[in-house]
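Below are the chains, spelled out letter by letter.
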Amino acid sequence: MSTAIGSSGTPDPEEPQDTQDAQDPQDSQDSDDSREEPQIPEVDGDVDPADEGAVDPADEGELDPEEWDESEPEPEPGESSSPVRARAQETTAAPRAEAAAEEPPTPVDDAALRAKRMRRRRRAVGSVALAVVVIGVVGAIMPFTPMMPVHGINVDGTQNLSVSEVQDLTGIEPETPMGRVDVQGAAQRVAGNPWVSSVTVKRDWPSAIDVVVDEHKPVAFVTEDDGAHLIDVEGKDFIIAEPPAGAMELVGPGIGDEEGKRHAVEIAASISEKARGEVESLEARGPYEYVLHVAGGRQVTWGAAEDNINKALALETVLQLEGTEFNISNPELVTSR
């Protein structure tokens, strides 16, 4: 069936027309597409309804961040961004997050860290110093309290004095606080005894006192009206007392002379302890003649107070010989009769 077309390009109304209009297949397809609902791209955020008909460049393919329009102004507060802008923000979020994760941690402020360590160190040093001060104060006070009393007095060096005599001479009461012991006063009281040549008194922490005594060593004595005057190795007449064993009696006219007496003491001091025990007396007949009276009625001529060491050795030999009279004035040539 044919359709008449007028010169104006419109169908002639007078011509009969088929009830079925011919339609181009392409037009039919366009008509069908027009009836489909427009697809709105899914984006984060609000979408302006006015942009619903716009084509999202992201639907055509991947959007390159370098192709973003940097000149596009930022939306005002309260104004929604376009789908393209929203998609661009999503695209750049991941690279920025990865870059942030790869960034090295912010370095710690060394000055602040050093200051913190210094404060800790100062606190530690302060605590230790305080503890030392407390211990020092306690240690300084404790000896003056009953918490640290004297429990004993140790005595050494005595021969003619007994230990109990020296302990009594110190004047130190038991249980006296160690810090309150007058060691100087104790030493002076002990030194006041005639037998004592020198003495040392000191604290033996935590609870004892040490007393070291150096006694006079009587090597000779002179008998006078008031008793026996004991003489030490230095020739000092230090006490009137009963002569101890080993003390040699000095007799004869030469004892009245101070020099003769001093020489007699030198001879007596040179004789050994063993030999001195057998000598009953030392007679000073003159400045150059000294004679020993030995047990058993024997007699040994010493001569002058010189070369005393060798003469003392000769005396020990003579005492082992038979005889009554010996002469050791020349120790290298001993004679007897």
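If you're wondering where the values come from, they're calculated on a predicted model, not measured in any experiment.

Another aspect to go through is the overall build of the protein chain. Counting secondary structure elements, the protein chain contains eight helices and twelve strands. Evaluated residue by residue, the protein chain yields a buried proportion of 28% over its 337 residues. In the protein chain, once contacts between residues fewer than 6 apart in sequence are set aside, the share between residues at least 24 apart is 46%. Approximately 22,800 Å² of the protein chain is accessible, and the part contributed by carbon and sulfur atoms is 50%.

By the element assignment, Thr-301 lies in strand β10 (residues 298-303). Excluding its chain neighbours within four sequence positions, the residues that come into contact with Thr-301 are Tyr-290, Val-291, Phe-326, Asn-327, Ile-328 and Ser-329.

Next up on the list: a positive patch on the surface. On the surface, Lys-116, Arg-117, Arg-119, Arg-120, Arg-121 and Arg-123 cluster together to form a positively charged patch. Position of Arg-119 relative to the elements: it lies in helix α3 (residues 110-141).

One number sums up the size of the largest pocket: a volume of about 210 Å³. Lining the largest pocket, in full, are Gln-159, Asn-160, Lys-217, Pro-218, Val-219, Val-233, Pro-244, Ala-245, Gly-246, Ala-269, Glu-273 and Arg-276. Contributing elements (two or more residues each) for the lining of the largest pocket: β4 (218-224) and α7 (273-276).

All right, on to the nonpolar core then. Membership of the largest hydrophobic core comes to 28 residues, with the highest contact counts inside it found for Leu-250, Ile-271, Leu-282, Leu-292, Val-300, Trp-302 and Leu-315. Among the elements of the structure, β4, β7 (248-251), α6 (258-270), β8 (279-286), β9 (289-294), β10 and α8 (308-318) are those that each provide at least two residues to this core. Apart from residues lying up to four places away in sequence, Leu-250 is in contact with Ala-220, Phe-221, Val-222, Ile-231, Ile-255, Lys-261, Ala-264, Val-265 and Leu-282. The next biggest cluster of nonpolar side chains, apart from the first, holds 26 residues, and it includes Ala-187, Trp-195, Val-199 and Leu-230.

Take the sheet that holds strand β1 (residues 152-156) next. Strand order across the open sheet formed by three strands is β1-β3-β2, with mixed pairing between neighbours. Edge positions in the sheet fall to β1 and β2 (196-204), since each has one partner strand and no second. The mean angle between the axes of side-by-side strands here comes to 20°, regardless of whether they run parallel or antiparallel. Both β2 and strand β3 (residues 208-215) contribute to a ladder of eight bridges, which runs antiparallel. Its bridge partner lying in β3, Asp-204 is registered against Ala-208. Relative to the sheet, helix α4 (residues 163-170) contacts β1 and β3, its axis offset from that of β1 by approximately 125°. In the packing of helix α5 (residues 183-191) onto the sheet, the strands contacted are β2 and β3, and the crossing angle to β2 comes to about 155°.

Residue Trp-205 is joined to Pro-206 through a cis peptide bond whose omega torsion reads 10°. Within the secondary structure, Pro-206 sits in the loop between β2 and β3. Look at Glu-175: it is not a glycine, yet its phi comes out positive at around 70°. In this structure, Glu-175 sits in the loop between α4 and α5. On the accessibility criterion, Glu-175 (48% relative accessible area) is partly exposed. The backbone of Asp-307 shows a phi angle near 50°, a positive value even though the residue is not glycine. For Asp-307, a relative accessible area of 41% translates into the label partly exposed.

Strand order in this open sheet of nine strands is β6-β5-β4-β7-β8-β9-β10-β11-β12, and the pairing throughout is mixed. Strands at the two margins of the open sheet, each flanked by one partner only, are β6 (237-240) and β12 (335-336). Pairing between β8 and β9: six bridges, direction antiparallel. The residue bridging Ala-284 from the neighbouring strand is Tyr-290, located in β9. Along the sheet face, α8 touches β9, β10 and β11 (325-327) and points at about 165° away from the line of β10.

With that settled, the discussion passes to the pairing of strand β5 (residues 227-232). Counting buried positions along β5 gives five out of six residues, so the element sits mostly inside the fold. Pairing of β4 with β5, which is carried by six bridges, proceeds in the antiparallel orientation. Bridged to Ala-220 within β5 is Ile-231. Connecting the antiparallel pair β4 and β5 is a turn made up of two residues. In terms of strand pairing, β5 meets β6 through three bridges, oriented antiparallel.

About the criteria used
- Counting starts from 1 at the beginning of each chain's written sequence and moves along it residue by residue.
- In view of the model being predicted, local features appear only for residues whose pLDDT reaches at least 70, and side-chain atom pairs are presented and counted only at 80 or more, with totals across whole chains, interfaces and linings using the full set of residues.
- Computation of side-chain values covers all heavy atoms of the structure but excludes hydrogens and water.
- Here a helix means four or more residues in a row that DSSP labels H or I, a strand means two or more in a row labelled E, and each is numbered from the N terminus.
- When accessible area is computed with a 1.4 Å probe and restricted to protein chains, residues below 20% of their type maximum are described as buried, those above 50% as exposed, and intermediate ones as partly exposed.
- By the convention used here, residues are in contact when the closest approach between their heavy atoms is within 4.5 Å.
- For every accessible area listed, the method is Shrake-Rupley and the probe measures 1.4 Å; residues are considered covered only by the protein chains on display.
- Candidates for patches are residues over 30% relative accessible area with no salt bridge; among them, like charges are joined within 9 Å and nonpolar side chains (Val, Leu, Ile, Met, Phe, Trp, Tyr) within 5 Å.
- Salt bridge, as used here, is a side-chain nitrogen of Lys or Arg placed within 4 Å of a carboxyl oxygen of Asp or Glu.
- Positive charges come from Lys and Arg alone, negative charges from Asp and Glu alone, with His and the N- and C-terminal ends not counted.
- Charge coordinates come from a single atom per side chain, which is NZ of Lys, CZ of Arg, CG of Asp or CD of Glu.
- A pocket, in this scheme, is an open set of points on a 1 Å grid over the protein atoms alone with protein on both sides within 12 Å along at least 5 of 7 lines, while a cavity is a set where a 1.4 Å probe fits but cannot get out; residues line either one if an atom lies within 4 Å of a point.
- Grid points are joined across faces, edges and corners, and a volume is the space filled by probe spheres set on the points.
- Nonpolar core, defined: a set of buried Ala, Val, Leu, Ile, Met, Phe, Trp, Tyr and Cys residues in which side-chain atoms within 4.5 Å join the residues together.
- Only strands joined by at least two bridges in the DSSP assignment are considered to pair.
- For helices, the fitted line uses only the C-alpha atoms of the stretch in contact; every axis is such a line through C-alpha atoms, and the angle between N-to-C directions lies from 0 to 180 degrees.

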